[in-house]
Amino acid sequence: MTTDSPTEKERLALCEWLTANGINPNTVPLREAGLRIDEKDGQRVIAYTQFVRNELTGNILSDPDNPGPVTSSATAPCRVEPPAWLGVPGAQP
């Protein structure tokens, strides 16, 4: 998947795939998710970027020094492979 805005078909497929892998799509900036599948400790994991949220309110934090939200890197077990046409790096054919 490119860093451009995903098409509606890509967005829906991506949200479905993230959900199938236990990732809440609302926590992932879809344009800049940095999605890829890596090997970690002998297991396939999804590496991605997620929004950082306020623990009390659940609101996405803003970066006071840069425009946009605060994000961090995260991983989750890859239980379900993405559709090949999404082009997620590291996905098995």
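Just so you know, these numbers come straight off a predicted model, no measurement behind them. (Residues numbered from 1 in each chain as written. Predicted model: local features only at pLDDT ≥ 70, side-chain atom pairs only at ≥ 80, totals over all residues. Heavy atoms only, no water.)

Before going further, it helps to examine the overall build of the chain. When helices and strands are tallied, the chain shows one helix and three strands. Mapped in sequence order, the helices and strands of the chain form the string α-β-β-β. For 93 residues, the compact-globule estimate of 2.2 N^0.38 gives 12 Å, and the chain sits close to it at 14 Å. Per-residue burial over the chain gives 30% buried out of 93 residues. Summarising the internal contacts of the chain: among those between residues at least 6 apart in sequence, 50% fall at separations of at least 24. When the accessible surface of the chain is split by element, carbon and sulfur atoms take 49% of a total near 6100 Å². Side chains of the chain carry 8 positive and 12 negative charges; the gap between the two charge centres is 5 Å. (Helix = DSSP H or I, 4+ residues; strand = E, 2+ residues; numbered from the N terminus. Rg over C-alpha atoms; globule rule 2.2 N^0.38 Å. Buried < 20%, exposed > 50% of the residue type's maximum accessible area, 1.4 Å probe, protein only. Contact = heavy atoms within 4.5 Å. Areas by Shrake-Rupley, 256 points an atom, 1.4 Å probe, with all protein chains shown as cover. Lys, Arg positive; Asp, Glu negative; His and termini not counted. Charge placed at Lys NZ, Arg CZ, Asp CG, Glu CD.)

Read across the sheet, three strands follow the order β1-β2-β3 without closing on themselves; strand pairing throughout is antiparallel. If you trace the sheet from one side to the other, it starts and ends with β1 (36–40) and β3 (71–77), each paired once. If you compare each strand with its neighbour and ignore which way they point, the axes differ by 40° on average. Pairing between strand β2 (residues 43–51) and β3: seven bridges, direction antiparallel. Along β3, the bridge assignment pairs Gln50 with Ser72. (Pairing = 2+ DSSP bridges. Axes fitted to C-alpha atoms, helices over the stretch in contact; angles between N-to-C directions.)

In this section: the pattern of salt bridges. Under the criterion given, the structure shown has three salt bridges. The partner of Arg11 in a salt bridge is Glu8, with the nearest N and O atoms 2.8 Å apart. You can see Arg11 and its partner Glu8 sitting in helix α1 (residues 8–20), three residues apart, about one turn around the helix. Note that Glu81 and Arg44 form a salt bridge whose closest N and O atoms lie 3.0 Å from each other. Placement of the pair is Glu81 in the segment after β3 and Arg44 in strand β2, with a sequence separation of 37 residues. (Salt bridge = Lys/Arg side-chain N within 4 Å of Asp/Glu carboxyl O.)

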